[in-house]
Amino acid sequence: MAIQWFPGHMHLTRQAIAERIKNIDVVIEMLDARLPSSSANPMLAGMIKGKPALKILSKQDLADPRRTEQWLAHYNAQDSVRAIGLDNSMKQPAKALLEACHQLAPNRGGLAKPMRVLICGIPNVGKSTLINTLKGKAAAKTGDIAGVTKTEQRVNIADDFYLYDTPGVLWPRIIVLQSGYNLAASGAIGVNAFDDEEVALELLNYLLTHYPEELKARYKLTEIAGLTDEELLEAIGRQRGAIQSGGRVNTTKAAELVIHDLRSGALGRITLETPEEFARWLAEGKKADAERAARKEEFAQAKAQKTSQRARTRR
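Residues numbered from 1 in each chain as written. Predicted model: local features only at pLDDT ≥ 70, side-chain atom pairs only at ≥ 80, totals over all residues. Heavy atoms only, no water.

1. Structural notes on the packing of aromatic side chains
Inspection of the entire model under this criterion finds two aromatic pairs. Pairing Phe-278 with Trp-281 gives two aromatic rings, centres 6.5 Å apart and planes at 70 degrees, and the pair type is edge-to-face. With Phe-278 and Trp-281 both in helix H11 (residues 275–314), this residue pair falls three residues apart, about one helical turn. A relative accessible area of 11% means that Phe-278 is categorised as buried. Under the relative-accessibility criterion, Trp-281 is labelled buried at 12%. Of note, Arg-154 hangs over the ring of Tyr-162, and the distance from its end group to the ring centre comes to 4.0 Å. (Phe/Tyr/Trp six-rings, centres within 6.5 Å; stacked < 30°, edge-to-face > 60°. Helix = DSSP H or I, 4+ residues; strand = E, 2+ residues; numbered from the N terminus. Buried < 20%, exposed > 50% of the residue type's maximum accessible area, 1.4 Å probe, protein only. Lys NZ or Arg CZ within 6 Å of the ring centre and 35° of its normal.)

Right, here's the structure in full:
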């Protein structure tokens with residue numbers, strides 16, 4: 001099942017970003033270090049229109065450090081793009097952010113030409129937490145659910161550095177199937193938009209291949225090789241006491257436990273995609289989307305032909 005979530009306020013946010021970006025010097029896009037490309041908004045690339053971009057990989061303390069290095073190298077190899085990793089343990093995030101922005105827009109700075117920066121990101125990626133850290137006080141609302149920030153606000157990081165914060169925004173249709181699952185697992189998508197068991201099974205299927213030792217350590221399982229994702233979820237449920245009447249495993253409760261363990265970092269430092277994996281998923285998603293569009297067009301043409309035939313018959 002494809003996962004989609006695009007509340008009404010996100011459409012307004014998209015319009016606000018498109019308008020604000022005209023007078024912006026640098027665009028900061030916050031990405032979840034555990035799913036960098038899945039958490040990157042494809043609409044933003046079209047709206048940036050060649051402006052310098054700073055990619056911030058947030059929550060890097062929860063991500064696989066080896067894969068984070070791969071992603072930083074991937075972004076830093078692109079023109080007019082800088083990428084840095086951030087987490088709550090960093091002593092001087094403001095300094096790192098300001099330095100990166102000035103490298104991208106060296107002609108901006110000073111009261112006559114203050115740096116104007118727009119910060120964007122998907123829901124629950126950590127924008128508000130970062131802004132509060134930069135300001136040293138609660139300048140923006142924070143929360144662990146998707147969609148806390150609802151309106152744009154300007155935050156003065158320095159006398160000549162203006163940061164425009166926008167609500168978290170997704171995009172109308174997610175064509176990369178795995179991105180939908182990764183976004184749901186990370187907490188970027190509202191809970192009513194997906195099924196916990198389905199997301200947990202997709203997550204376990206990936207972890208079985210890439211992070212089996214972390215699974216065994218977290219759930220005290222001696223051997224998981226050869227298990228299906230359904231069998232693994234059952235085993236986790238039994239191990240964690242998610243049992244209902246009749247001794248059956250409460251798979252919904254087990255799924256909630258798995259998702260919570262990923263989000264909290266209890267599973268260990270995990271990244272759910274590599275640049276190479278996402279490139280493959282994107283190619284598959286584009287192909288499937290093109291096939292879907294072709295079928296839709298074929299259906300529309302057939303319907304129009306039938307309508308035309310009925311009209312001629314009536315004559």
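2. Re helix H10 (residues 251–264)
Counted at 1.5 Å a residue, the expected span for H10 with its 14 residues is 20 Å, and the 20 Å between its end C-alpha atoms agrees. Here H10 has its buried residues at Ala-254, Ala-255, Leu-257, Val-258, Ile-259, Asp-261 and Leu-262. Of the surrounding elements, those touching the buried residues of H10 are helix H6 (177–186), helix H7 (196–210), helix H8 (212–219) and helix H9 (229–239). The residue sitting at the N-terminus of H10 and contributing the capping side-chain oxygen is Asn-250; that oxygen lies 3.2 Å from the backbone nitrogen of Thr-252. Looking one or two places after H10, you find Gly-265, whose phi comes out positive at around 90 degrees. (Expected span 1.5 Å × (residues − 1). Contact = heavy atoms within 4.5 Å. Polar contact = N/O pair within 3.5 Å; in protein donor to acceptor, adjacent residues only side chain to side chain.)

Functional significance is not addressed by these values, which are geometric in nature.
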